[in-house]
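Spelled out, the chains give:
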Amino acid sequence: MIAVMFRNLLSRLFSDDPQPQPLASVDAEVAIAALLVRVARADDHYSPTEQSRIDRILARRRGLDDKEAAARRAAAEMIEAEAPDTVRFTRVVKDRVALDDRLGVIGAMWEVAYADAQRNPEEESLIRLVAGLLGVNDRDSAVARQQVLAQMGLPEV
């Protein structure tokens, strides 16, 4: 069942439709979750702490229970592993997800990056790249970062 869902979502995400349609809510969330997984894997260390943080973010965004959030993260891990380069993948998300939601995605990415309470240049660099590709300016990304640090009780790093 998951394999079929995975293949169908990949084909919807990367179809050559000249006028892409907005993603269904679940598809959009899996695509966004895949970006969260990508930032967590950016430093080649995908920790249980980061996985747990992604689960909490997914649960919070759409009111999922723990099991549903973990299943969505598992699907996102498969999508992320098969997704093309970050530029193309992010373009798909930008074309199909509303700007307000994209601002929330950047905040969620900062949250994943700081899940281990450490600053990592690879993760930060990827978030900055994705923010620009999603049409989120540097100032808004920095504000999201500061808000995440404050919410997590972490000092400005």
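It should be noted that the structure appears before, not after, this text.
Residues numbered from 1 in each chain as written. Predicted model: local features only at pLDDT ≥ 70, side-chain atom pairs only at ≥ 80, totals over all residues. Heavy atoms only, no water.

### Section: the pattern of salt bridges
Definition in use: What counts as a salt bridge is simple: a side-chain nitrogen of Lys or Arg found within 4 Å of a carboxyl oxygen of Asp or Glu. In this description a helix means any DSSP run of H or I spanning at least four residues, a strand means any run of E spanning at least two, and both kinds are numbered starting from the N terminus. Per-residue accessibility, obtained with a 1.4 Å probe over protein chains only, is compared with the maximum for each type, and a residue is labelled buried under 20%, exposed over 50%, and partly exposed between these values.
Inspection of the entire model under this criterion finds twelve salt bridges. The closest approach of N and O atoms between R41 and E80, which form a salt bridge, is 2.5 Å. Of this pair, R41 sits in helix α2 (residues 25–41) while E80 sits in helix α4 (residues 66–82), placing them 39 residues apart in sequence. Overall, R41 belongs to the partly exposed group, its relative accessible area being 28%. Salt bridges linked by common partners bring R38, R41 and E80 together as one network.

### Description of unusual backbone geometry
Of note in the backbone geometry, D44 takes a positive phi value of approximately 60° without being a glycine. Note that D44 resides in the loop between α2 and α3 (48–62). Classification of D44 by relative accessible area gives exposed; the value is 75%.

### Here we look at helix α7 (residues 121–133)
Residues spaced three or four apart along an α-helix point in a common direction, a consequence of the helix completing one turn every 3.6 residues. To keep things clear, this is the line we draw: By definition here, a helix of n residues has an expected span of 1.5 Å times n minus one. Working note: the arc is built from the helix axis to C-beta atom directions. The term polar contact refers here to a pair of N or O atoms within 3.5 Å; inside protein, the definition further demands a hydrogen-donor-capable atom paired with an acceptor-capable atom, and it admits residues adjacent in sequence only when both atoms are side-chain atoms.
Given a rise of 1.5 Å per residue, 13 residues ought to cover 18 Å, and the 18 Å separating the end C-alpha atoms of α7 matches this to within 8%. Looking only at α7, the buried set comprises E123, E124, L126, I127, V130 and A131. End-on view of α7: buried residues confined to an arc of 160°, all on one side of the axis. Where α7 begins, the side chain of N120 points an oxygen toward the backbone nitrogen of E122, at a separation of 2.9 Å. In the stretch just after α7, G135 is the one whose phi turns positive, near 85°.

### Focus: the packing of helix α6 (residues 99–113) against helix α8 (residues 138–152)
Put simply, the rule is: Working convention: axes come from line fits to C-alpha atoms, limited for helices to the stretch in contact. Angles between N-to-C directions cover 0 to 180 degrees. Note on angle classes: values under 35 degrees are labelled roughly parallel, values over 145 roughly antiparallel, values of 65 to 115 roughly perpendicular, and the remainder oblique. Each crossing gets its handedness from the near helix: less than a right angle anticlockwise from the far helix is left-handed, clockwise is right-handed. Contacts between residues were defined by any pair of non-hydrogen atoms, one from each residue, lying within 4.5 Å. Any residue that is not Ala, Val, Leu, Ile, Met, Phe, Trp, Tyr, Cys, Pro, Asp, Glu, Lys or Arg is counted as polar, Gly included; the first ten are nonpolar and the last four charged.
At a closest axis distance of 9 Å, the pairing of α6 and α8 adopts a crossing angle of 50°. Classed by the angle they form, the pair α6 and α8 counts as oblique. Of the two elements, α6 crosses α8, and the hand of that crossing is right-handed. For the pair α6 and α8, the contacting residues are L103, I106, G107, W110 and E111 in the first and D140, S141, A144, R145, V148 and M152 in the second. The class makeup of the residues in the contact of α6 with α8 is six nonpolar, two polar and three charged.

### Considerations on the environment of V87
Relative to the helices and strands, V87 is located in helix α5 (residues 86–96). The spacing of V87 and L133 is 46 residues in sequence and 7.0 Å in space, taken between C-alpha atoms.

### Considering the side chain of E80
A relative accessible area of 10% means that E80 is categorised as buried. Among all residues touching E80, those that are not within four sequence positions of it are A34, V37, R38 and R41.

### Considering the packing of aromatic side chains
Aromatic rings considered in pairs are described by the distance between their centres and by the relative angle of their planes. Going by this rule: Ring pairs shown here join Phe, Tyr and Trp side chains whose ring centres sit within 6.5 Å, with only the six-membered ring taken for Trp; geometry is labelled stacked below 30 degrees between planes, edge-to-face above 60, and tilted in between. Charge-over-ring placement is defined geometrically: NZ (Lys) or CZ (Arg) within 6 Å of the ring centre, and within 35 degrees of the ring normal.
According to the stated counting rule, one finds one aromatic pair in the structure shown. Each ring, one from W110 and one from Y114, has its centre 5.9 Å from the other, and the planes form 10°; the classification is stacked. Judged by relative accessible area, which is 1%, W110 ranks as buried. Stacked on the ring of Y46, the Lys or Arg R41 has its end atom at 4.9 Å from the ring centre. Of note, R145 hangs over the ring of W110, and the distance from its end group to the ring centre comes to 5.7 Å.

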